[in-house]
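Observations on chain architecture
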Amino acid sequence: MHKPLLDEHGRKASYMRVSVTDRCNLSCTYCAGEGQKFIPHPDILRYEEILELMELAVKLGVEKVRFTGGEPFVRKGFADFMVAAAGRFPDVDLCVTTNGVLIGKHVEGLAKAGIRRVNISLDTLDPVRFKSITGHDHFHTVRENIERCVDAGMTVKVNAVAMKGVNDDEMPDFIEFARSMPLDMRFIEFMPVGLETGWDDSLVWGCEDILNEARTLAELTPCTEEEKQHGPARMYSIEGGKGRIGLISPYTNHFCATCNRLRLTSNGNLRTCLFSDKVYRLRPILRHPRLGMEAIERVLLRASRHKPIGHDLLKCMPAGQGVCQTRMASIGG
Ligand code: SAM
């Protein structure tokens, strides 16, 4: 009998984010940073190793797994891997977070395999601005792929990092976008994660300001917990619209008290808090000739037990600096 992944504050880890690569086909200004060093290939977990860890995590009570990156679709065989994972874990809520550039040709296969939920990152609805943020000219591809996912019947959440001076003049377009399509348009506060990614307090476009601005443009009604379904976002329906608006406020109003997340990085490090550099190295145990899954189980239980509550980490953050030195792209967001 396996024990659940409980911590000292009564939280149960039931959601694991699994990064399959730290490489990305975009270089977003706020995420990539200068002079990136990538994890060497031999240190990246093989798909079979990820499945083994998922198997254990599920036994310990993980009910939802989100694949992320870097950009998951840049890793060879990722779509086939997801289909295989969906077959092996039919009762697990499997979803993916992507920048939407490469998902197009896989949409139908994924939908058919039961992948029903996809998060697509898109910080701007302006093609020129898209290029200046990401370094690449893929705006129209991403827009088309969002539509493809919607047409395939997937639940689509579009996530924009909200940044002052970058996209805070686009609310009318974002509202129109969410009004015209059955999707959730969600704003995520710019987080102090990673060095050299230009984070600064003055760039944070806080959720209360976002909401106030959105309310000048549309009649918004808060969704109930049941309507909201998944995730830490506060959701609002738009009067007369097909989609909804959502706000995720890790910075101004963090949700640590209800955090149920664990993160597995592509090199096999377990992280229990996005705002901490503390890692539990699972790969050496996984590849050890004599240590088995029982050893990993012990680490998972220990790690979960000591999951930080978070408040203190945010409180002691030096002004103008990130709390976590690791790049978001190698953690997976
Ligand atoms: N490539 C995939 C994507 O674009 O969604 C998955 C990985 S990406 C690191 C996951 C999410 O983290 C993206 O939505 C990205 O915009 C977000 N992100 C990266 N750096 C961030 C930061 N400093 N603050 C808030 N969100 C950030």
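Model, not experiment: these values are computed from the prediction.

The complete set of buried residues in helix α7 (residues 207-217) reads Cys 207, Ile 210, Leu 211 and Ala 214. End-on view of α7: buried residues confined to an arc of 95 degrees, all on one side of the axis.

Moving on to the pattern of salt bridges. Scanning the model with the defined rule gives 16 salt bridges in all. Across the salt bridge formed by Glu 49 and Arg 46, the nearest N and O atoms sit 3.2 Å from each other. Judged by its relative accessible area of 4%, Glu 49 is buried. Through salt bridges that share partners, Arg 46, Glu 49 and Arg 287 make up one connected network.

Following the criterion strictly, the structure yields one cavity of 30 Å³ or more and no others. Approximately 40 Å³ is the volume attributed to the largest cavity. Lining the largest cavity are Met 16, Leu 53, Ala 57, Leu 264, Leu 270, Leu 282 and Leu 300. Considering only residue class, the lining of the largest cavity consists of seven nonpolar, no polar and no charged.

Moving on, we come to the packing of aromatic side chains. All chains considered together, the criterion is met by 10 aromatic pairs. Measuring from centroid to centroid gives 4.3 Å for Tyr 47 and Phe 81, while their planes differ by 15 degrees, and the two rings are stacked. Of the two residues, Tyr 47 sits in helix α1 (residues 47-59) while Phe 81 sits in helix α2 (residues 78-88), which places them 34 residues apart along the sequence. The burial state of Tyr 47 is the same as that of Phe 81; both residues are buried. When the ring of Phe 187 is compared with that of Trp 205, the centres are 6.2 Å apart and the planes differ by 65 degrees; the resulting orientation is edge-to-face.

Before going further, it helps to spend a moment on the nonpolar core. Formed by 105 residues in total, the largest nonpolar core has its most connected members in Met 54, Phe 67, Ile 146, Met 185 and Phe 187. Sort the elements by how many residues they give to this core and α1 lands first, with seven residues. Not counting the four nearest positions on each side in its chain, Ile 146 is found in contact with Ile 120, Leu 122, Val 156, Val 158, Phe 177, Met 181 and Leu 183.

Attention now moves to the pairing of strand β6 (residues 184-189). Burial analysis of β6 places six of its six residues in the buried class, which makes it a mostly covered element. Here β6 shows a buried face lined by Asp 184, Arg 186 and Ile 188 and a second buried face lined by Met 185, Phe 187 and Glu 189. By the bridge criterion, six bridges tie strand β5 (residues 155-162) to β6 in an arrangement that is parallel. Bridging across to β6, Val 161 finds its partner in Ile 188. Read as a crossover between parallel neighbours, the route from β5 over helix α6 (residues 171-180) to β6 is right-handed. Where β6 lies against strand β9 (residues 244-248), five bridges are found, and the strand directions are parallel. Counted as the bridge partner of Phe 187 is Leu 247 from β9.

Conventions and cut-offs
- Residues numbered from 1 in each chain as written.
- Predicted model: local features only at pLDDT ≥ 70, side-chain atom pairs only at ≥ 80, totals over all residues.
- Heavy atoms only, no water.
- Buried < 20%, exposed > 50% of the residue type's maximum accessible area, 1.4 Å probe, protein only.
- Helix = DSSP H or I, 4+ residues; strand = E, 2+ residues; numbered from the N terminus.
- Arc of directions from axis to C-beta.
- Salt bridge = Lys/Arg side-chain N within 4 Å of Asp/Glu carboxyl O.
- 1 Å grid on protein atoms, 1.4 Å probe; cavity = no way out; pocket = protein on both sides within 12 Å on 5 of 7 lines; lining within 4 Å.
- Points joined across faces, edges and corners; volume = space filled by probe spheres on them.
- Nonpolar A, V, L, I, M, F, W, Y, C, P; charged D, E, K, R; others polar.
- Phe/Tyr/Trp six-rings, centres within 6.5 Å; stacked < 30°, edge-to-face > 60°.
- Core = buried A, V, L, I, M, F, W, Y, C linked by side-chain atoms within 4.5 Å.
- Contact = heavy atoms within 4.5 Å.
- Pairing = 2+ DSSP bridges.
- Right-handed = clockwise from strand over helix to strand, strands pointing away.

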